[in-house]
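This is what each chain is made of:
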Amino acid sequence: MLILKIIAPLIFYNLVLNVVNLLLPFGMSPLAVTGTGALLSLPLLYIFYRKEQKQRGKCRETDVTLLHGIPYIMLLAAASCILLNYLISISPLPKLFMGYEEQFAQDLLSPPLWVQLLCTVIAIPAAEELCFPGLRHYLRSHPR
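Rules of the game
Residues numbered from 1 in each chain as written. Predicted model: local features only at pLDDT ≥ 70, side-chain atom pairs only at ≥ 80, totals over all residues. Heavy atoms only, no water. 1 Å grid on protein atoms, 1.4 Å probe; cavity = no way out; pocket = protein on both sides within 12 Å on 5 of 7 lines; lining within 4 Å. Points joined across faces, edges and corners; volume = space filled by probe spheres on them. Helix = DSSP H or I, 4+ residues; strand = E, 2+ residues; numbered from the N terminus. Nonpolar A, V, L, I, M, F, W, Y, C, P; charged D, E, K, R; others polar. Expected span 1.5 Å × (residues − 1). Bend = angle between axes of the 7 residues up to and from the residue. Buried < 20%, exposed > 50% of the residue type's maximum accessible area, 1.4 Å probe, protein only. Phe/Tyr/Trp six-rings, centres within 6.5 Å; stacked < 30°, edge-to-face > 60°. Patch = residues over 30% accessible without salt bridge, like charges linked within 9 Å, V, L, I, M, F, W, Y side chains within 5 Å. Areas by Shrake-Rupley, 256 points an atom, 1.4 Å probe, with all protein chains shown as cover. Salt bridge = Lys/Arg side-chain N within 4 Å of Asp/Glu carboxyl O. Polar contact = N/O pair within 3.5 Å; in protein donor to acceptor, adjacent residues only side chain to side chain. Core = buried A, V, L, I, M, F, W, Y, C linked by side-chain atoms within 4.5 Å. Contact = heavy atoms within 4.5 Å.

A closer look at the layout of surface pockets
Inference 1: In this structure, the largest pocket spans a volume of roughly 1000 Å³.
Inference 2: Sorting the residues of the lining of the largest pocket by element identifies helix 3 (64-90), helix 4 (93-96), helix 5 (100-108) and helix 6 (113-131) as the ones contributing at least two each.
Inference 3: It is helix 3 that provides the largest number of residues to the lining of the largest pocket, a total of eight residues.
Inference 4: Its residues placed into classes, the lining of the largest pocket shows 19 nonpolar, four polar and one charged.

Here we look at helix 2 (residues 30-55)
Inference 1: The terminal C-alpha atoms of helix 2 lie 36 Å apart, and with 26 residues this matches the ideal 38 Å at 1.5 Å per residue to within 8%.
Inference 2: Where helix 2 bends most, the angle comes to about 45°, and this point is Leu42, followed within four residues by the proline Pro43.
Inference 3: Along helix 2, the residues classified as buried are Leu31, Ala32, Val33, Gly35, Gly37, Ala38, Ser41, Leu42, Leu45, Glu52 and Gln53.
Inference 4: One or two positions beyond helix 2, positive phi appears at Gly57, with a value near 75°.

Side note on the packing of aromatic side chains
Inference 1: For the coordinates displayed, the defined rule picks out two aromatic pairs.
Inference 2: Ring centres of Phe12 and Phe48 lie 6.0 Å apart, and the angle between their planes is 80°; this geometry places the pair in the edge-to-face category. Here Phe12 is found in helix 1 (residues 2-23), whereas its partner Phe48 is found in helix 2, with 36 residues between them in sequence.
Inference 3: On the numbers, 6.4 Å between centres and 35° between planes, the contact of Tyr46 with Tyr49 is tilted. One end of the pair is Tyr46 and the other is Tyr49, both in helix 2 and three residues apart, which spans about a single turn.

Quick notes on a nonpolar patch on the surface
Inference 1: A cluster of nonpolar side chains, namely Leu84, Ile88, Leu93, Leu96, Phe97, Tyr100, Phe104 and Leu109, defines an oily patch on the protein surface of about 820 Å² accessible area.
Inference 2: Looking at the nonpolar patch, the elements with two or more residues in it are helix 3, helix 4 and helix 5.

As for the side chain of Ser91
Inference 1: Examined against the element boundaries, Ser91 turns out to sit in the loop between helix 3 and helix 4.
Inference 2: From its side chain, Ser91 meets the backbone oxygen of Ile88 in a polar contact 2.7 Å long.

Considerations on the nonpolar core
Inference 1: Residues Tyr13, Ala38, Leu45, Cys119, Ile124 and Ala127 are the most contacted members of the largest nonpolar core, which totals 18 residues.
Inference 2: If you list the elements that add at least two residues to this core, you get helix 1, helix 2 and helix 6.
Inference 3: In terms of residue count, helix 6 provides more of this core than any other element does, seven residues in total.
Inference 4: Filtering out sequence-adjacent residues up to four positions away, Leu45 remains in contact with Pro9, Phe12, Tyr13, Ala127, Leu130 and Cys131.

See below:
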């Protein structure tokens, strides 16, 4: 049963992404397709998440003190991304994968800015976080 709790949300999310990919027009940006799939799967993934939390007796309201730390978390995440991108740019990786930068720019930077922000900052991370609560619970309860 635990395996089902771990993989069911992931299978559902992947299924929604594949259906969205089939239904949206050909040639649409991969970012827009993934973001649309994430937005469509969020309600049911949230229901899976709340159900699991209630079963474990850990259903609680959002801690208000956490909300005060969100700007700092976002700032740290942005700084980490900039630092990692800089480290990659000075490494030998760009020379090993010559076409990567052009493909990246075409796939991820071609949609409008609001689509980029909605998909990469909100929808996709939220859907992925809701896919793995069972795995996180299993790893916490079974330390190495």
